[in-house]
Amino acid sequence: MSAKRSSKKTLKGPPPRASGIARLAADADATEDEITQLIEKTRAEGRDIRSPLPWLRTCHENGDLQAMLVTLRAERGAAELQEWGNWREQQPKCPHGEAGGRELHPQSGEPICAICRHDARSIHIGHKEEVKA
Ligand SMILES: [Zn+2]
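Nothing here was measured: the structure is a model prediction, and the numbers come from that model.

### Regarding the confidence of the model for the protein chain
Point 1. For the protein chain, mean pLDDT is 84; residues scoring 70 or higher make up 79% of the total.
Point 2. Note that residues 6-10 has pLDDT below 50 and, in this model, zero contacts with residues that lie over four places away or in other chains.

### Here's the deal with the environment of Leu-72
Point 1. Its place among the elements puts Leu-72 in helix α4 (residues 64-89).
Point 2. Look at Leu-72 and you get partly exposed, because 16 C-beta atoms sit within 10 Å.
Point 3. Distance in space between the C-alpha atoms of Leu-72 and Gln-37 is 8.2 Å, their sequence separation being 35 residues.
Point 4. If sequence neighbours within four positions are ignored, Leu-72 has contacts with Glu-34, Gln-37 and Leu-38.

### Some details on helix α3 (residues 52-62)
Point 1. By the burial criterion, the buried members of α3 are Leu-56, Cys-59 and His-60. Burial along α3 is one-sided: seen end-on, the buried residues are contained in an arc of 100°. Exposed side of α3, more than 90 degrees from the buried face: Pro-54, Thr-58, Glu-61 and Asn-62 are the residues found there.

### Observations concerning the environment of Arg-57
Point 1. Here Arg-57 is to be found in helix α3.
Point 2. We classify Arg-57 as partly exposed; it has 18 C-beta atoms within 10 Å.
Point 3. Along the sequence, Arg-57 and Gly-20 sit 37 residues apart, while their C-alpha atoms lie 9.4 Å from each other.

### Concerning unusual backbone geometry
Point 1. The backbone of Asp-29 sits at a positive phi, close to 60°, despite the residue not being glycine.
Point 2. Checked against the element boundaries, Asp-29 lands in the loop between α1 (17-28) and α2 (32-44).

### A few points about the packing of α2 against α3
Point 1. One can describe the packing of α2 onto α3 by two numbers: an axis separation of 10 Å at closest approach and a directional angle of 110°. Taken together, the axis directions place α2 and α3 in an arrangement best described as roughly perpendicular. On α3, the residues touching Ile-35, Leu-38, Ile-39, Thr-42 and Arg-43 of α2 are Pro-52, Leu-53 and Leu-56.
Point 2. Of the residues belonging to the contact of α2 with α3, the class tally is six nonpolar, one polar and one charged.

Conventions used here
- Residues numbered from 1 in each chain as written.
- Predicted model: local features only at pLDDT ≥ 70, side-chain atom pairs only at ≥ 80, totals over all residues.
- pLDDT = per-residue confidence, 0-100.
- Contact = placed C-beta atoms within 7 Å.
- Helix = DSSP H or I, 4+ residues; strand = E, 2+ residues; numbered from the N terminus.
- Buried ≥ 20, exposed ≤ 12 C-beta atoms within 10 Å, placed from the backbone.
- Arc of directions from axis to C-beta.
- Axes fitted to C-alpha atoms, helices over the stretch in contact; angles between N-to-C directions.
- Parallel < 35°, antiparallel > 145°, perpendicular 65-115°, else oblique.
- Nonpolar A, V, L, I, M, F, W, Y, C, P; charged D, E, K, R; others polar.

See the structure below:
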């Protein structure tokens with residue numbers, strides 16, 4: 001007897017991955033980009049995880065995801081700072097000979113060059129100082 005089984009299942013099939021990422025991002029107070037990066041990182045680290053997204057959801061539920069996001073953001077911040085540093089070195093020198101000396105540091109929001117920075121602060125507090133180049 002070869003019963004012809006219906007292959008119809010009640011499952012609707014796997015949900016679209018993008019929406020799973022979006023949902024987790026919303027739940028974890030992260031961006032979809034960050035969740036995608038964590039998935040890629042999980043794969044790159046060679047972990048034996050078949051489905052990174054459900055695994056990340058579990059991490060979110062047990063509180064581990066926040067620590068992973070903190071690490072991810074710190075790494076990305078360092079990479080962006082490195083990139084900014086490379087760009088800054090290509091900028092014109094300030095009057096004191098520092099490449100990109102007048103550019104504002106992305107974290108401090110002040111010029112890189114100490115003299116330019118001093119000058120900028122002096123302007124802020126009202127008494128402008130003459131700085132000889
Ligand atoms: Zn300067």
